Amino acid sequence: MERLGPWVPDRAGMSPVALAVSGGGDSLCLAWLASLWRKNLLALIVDHGLRKDSAEEARLTARRLQALHIPSRIITLTHLSKGSGIAERARSARYVALRQACYEAGCTDLLLGHQADDQAETVAMRQRAGSGCDGLAGMASVTALPEVRLVRPLLGFSRDALRQTLREQQIEWVDDPSNEDLTAERVRVRTAFRRDSTSRTAGWVQAAQQGSLRMVRETERIAALAQQSALLPYGWAIAGETLPQPENLSLLIRAVGGLIYPPSVAAVEQLYLRHCEATLAGVQLVRHKTQWFLIREAAAQQGPVALADRAVWDNRFRVSLPAGLDGGEITVAAAGFGLAREQRCGWPARFCATLPALWRGGQRIAVPHIGLCDDPVLQNIRLIFAPPVPAGGRTVYDPVCPVSP
Ligand SMILES: Nc1ncnc2c1ncn2[C@@H]1O[C@H](COP(=O)(O)OP(=O)(O)OP(=O)(O)O)[C@@H](O)[C@H]1O
């Protein structure tokens, strides 16, 4: 585990390391292994509320964790409904809930139970979908999000090895029936691997090779990005006097747009070749003085969000409020400041129109980034630019290639 660190010291009073535990064989084995590694842990069990037994399974998992001396928290999702795209909707809601729970508990690391077979399946599915070299690196061992690192310590171990470990420890787990549902592509790939294990091995080799290459490329990209461009606390990026290469440009668009995935390479290449002001994925490429800038497209920004400590607006700005302050909404400052350029800190009006602002009763009360605020109490509001994925990505791909048990 040490090479996947650094870790918060394992002492009472320090933040625990969080574990995402579905109750299945992989994540329960992860929990058992983690309990040998450290004491200060917190297991998070998400009950999607989609199957009639799910609440009871979550409680059963909590009891199993208790037997391992791991405290747990059950997070019940109430807003999911069955129907089209439910697997993806459930997955995405699960990650939002897990990240929020980590944030609330002060956990900076979240361990996930993805293992080597999941990795080979992911690579095979991406290969079929025509994924590029980056995608064929599969899942990263470490993905740093702004508030938490997602860590996958089991990518070097096969599903069979993990289940065998649990049997030896006489620890039972829950088998999710959706893991046998042949309408899911992953399950079909898994079934094909059972018949022909060479393609599974090929997936591991592919992930290990492409992972190493991706690490080299990302290091070069981050160095080039840092030299040429900068993200500003206003939620904009200075892209440089000449446009960055499409790969880097797309990372900046992802950050400024508050996106999880960068826009398609083909679309960014077109933007790069046109070399003129344009909009892509809710982000405007604009020229200001001698530099290219990326600013958010005002019309694409999220609508109002109630003012509250830790609220997130537009997937990019996190609110930090002094105690006792509430009332109002955070939404886009919008045009019509009527302010002289010096009151806009020298920034063009169209830039300032994209900033987050506090509104009450249809009135713009404060635009903290440019110090626009009459009420001294409101001057303590902080709207912190925290894109969901850091510009450079900050991922670690481990060239691990498991041995078949
Ligand atoms: N309901 C859940 N609650 C908490 N964590 C979950 C949940 N579902 C998945 N995870 C986390 O995401 C990882 C990968 O999810 P995936 O759906 O591939 O696993 P699974 O087959 O449902 O369960 P397992 O990995 O425990 O066998 C899990 O190992 C676990 O760490």
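Parameters and conventions
- Residues numbered from 1 in each chain as written.
- Predicted model: local features only at pLDDT ≥ 70, side-chain atom pairs only at ≥ 80, totals over all residues.
- Heavy atoms only, no water.
- Pairing = 2+ DSSP bridges.
- Helix = DSSP H or I, 4+ residues; strand = E, 2+ residues; numbered from the N terminus.
- Contact = heavy atoms within 4.5 Å.
- Axes fitted to C-alpha atoms, helices over the stretch in contact; angles between N-to-C directions.
- Buried < 20%, exposed > 50% of the residue type's maximum accessible area, 1.4 Å probe, protein only.
- Core = buried A, V, L, I, M, F, W, Y, C linked by side-chain atoms within 4.5 Å.
- Parallel < 35°, antiparallel > 145°, perpendicular 65-115°, else oblique.
- Nonpolar A, V, L, I, M, F, W, Y, C, P; charged D, E, K, R; others polar.
- UniProt positions renumbered as here; feature names shortened; annotations may be inferred.
- Polar contact = N/O pair within 3.5 Å; in protein donor to acceptor, adjacent residues only side chain to side chain.

Draft legend 1. Structural view of the sheet that holds strand E8 (residues 237–240). As summarised here, the arrangement of the 5 strands in space is E7-E8-E11-E10-E9, forming an open sheet in which the pairing is antiparallel. Edge positions in the sheet fall to strand E7 (230–231) and strand E9 (278–280), since each has one partner strand and no second. Strand direction decides the pairing type here: strand E10 (residues 283–288) and strand E11 (residues 291–296), joined by 6 bridges, are antiparallel. Following the sheet pairing, Val286 is matched in E11 by Phe293. Along the sheet, helix H8 (residues 246–257) contacts E7, E8, E9, E10 and E11; its crossing angle with E11, the most-contacted strand, is approximately 40°.

Draft legend 2. Unusual backbone geometry, seen in detail. With an omega dihedral of 10°, the bond running from Gly5 to Pro6 counts as a cis peptide bond. A positive phi angle, near 55°, is found at Gln170, a position not held by glycine. With respect to the helices, strands and loops of the structure, Gln170 is situated in the loop between helix H5 (159–168) and helix H6 (185–195). Even without glycine at this site, Ala281 takes up a positive phi of about 50°. Residue position: Ala281 is located in the loop between E9 and E10. Residue classification places Ala281 among the partly exposed positions, given a relative accessible area of 37%.

Draft legend 3. Fine view of the environment of Val396. Mapped onto the elements, Val396 comes out in strand E20 (residues 395–396). Of the residues examined, Val396 reaches a relative accessible area of 31% and is grouped as partly exposed. Note: C-alpha distance between Val396 and Arg51 (345 residues apart in sequence) is 35 Å. Non-local contacts of Val396, meaning those with residues more than four positions away in its chain, are made with Ala140, Ser141, Val142 and Met215.

Draft legend 4. Representation of the nonpolar core. Of all hydrophobic cores here, the largest spans 27 residues; its most connected members are Leu19, Val21, Leu28, Ala31, Leu65, Ile70 and Leu111. Mapped by element, the contributors of at least two residues to this core are strand E1 (17–20), helix H1 (25–37), strand E2 (41–47), helix H2 (54–67) and H5. Setting aside its immediate chain neighbours within four residues, Leu19 contacts Leu30, Ala31, Ala34, Leu41, Leu42, Ala43, Leu44, Ile70, Leu110 and Leu111. Listed in part, the 22 residues of the second largest apolar core include Leu42, Val46, Ala97 and Cys107.

Draft legend 5. Region of the structure containing the packing of helix H4 (residues 116–128) against helix H7 (residues 197–228). Direction vectors running N to C along H4 and H7 enclose 85°, while the axes themselves pass 8 Å from each other. The angle between H4 and H7 falls in the class roughly perpendicular. Residue-level inspection shows Ala116, Asp117, Gln119, Ala120, Val123 and Gln127 of H4 in contact with H7, the latter providing Arg200, Gly203, Trp204, Gln206 and Ala207. Looking at the contact of H4 with H7, its residues break down into 5 nonpolar, 4 polar and 2 charged.

Draft legend 6. Structural context of the UniProt feature "binding site: ATP" (unreviewed entry) in the chain. Per the UniProt entry, the sites bearing "binding site: ATP" (unreviewed entry) are Ser22, Gly23, Gly24, Gly25, Asp26 and Ser27 in this numbering. By the element assignment, Ser22 lies in the loop between E1 and H1. The residues touching Ser22, leaving out its near neighbours within four places in the chain, are Ser27 and Thr61. Of note is the side chain of Ser22, whose polar atom sits 3.1 Å from the backbone nitrogen of Gly24. Judged by relative accessible area, Gly25 falls into the buried class, the value being 1%. In contact with Gly25, not counting residues within four places along its chain, are Arg163, Leu166, Trp173 and Val174.

Draft legend 7. Quick look at the sheet that holds strand E15 (residues 329–332). Taken in spatial order, the 5 strands make up an open sheet running E12-E15-E16-E17-E18, and their pairing is antiparallel. Of all the strands in the sheet, the pair left with one neighbour each is strand E12 (305–306) and strand E18 (372–373). In this sheet, E15 lies alongside E12 in antiparallel orientation, the contact comprising 2 bridges. Opposite Val305, over in E15, you have Ile330 as the bridge partner.

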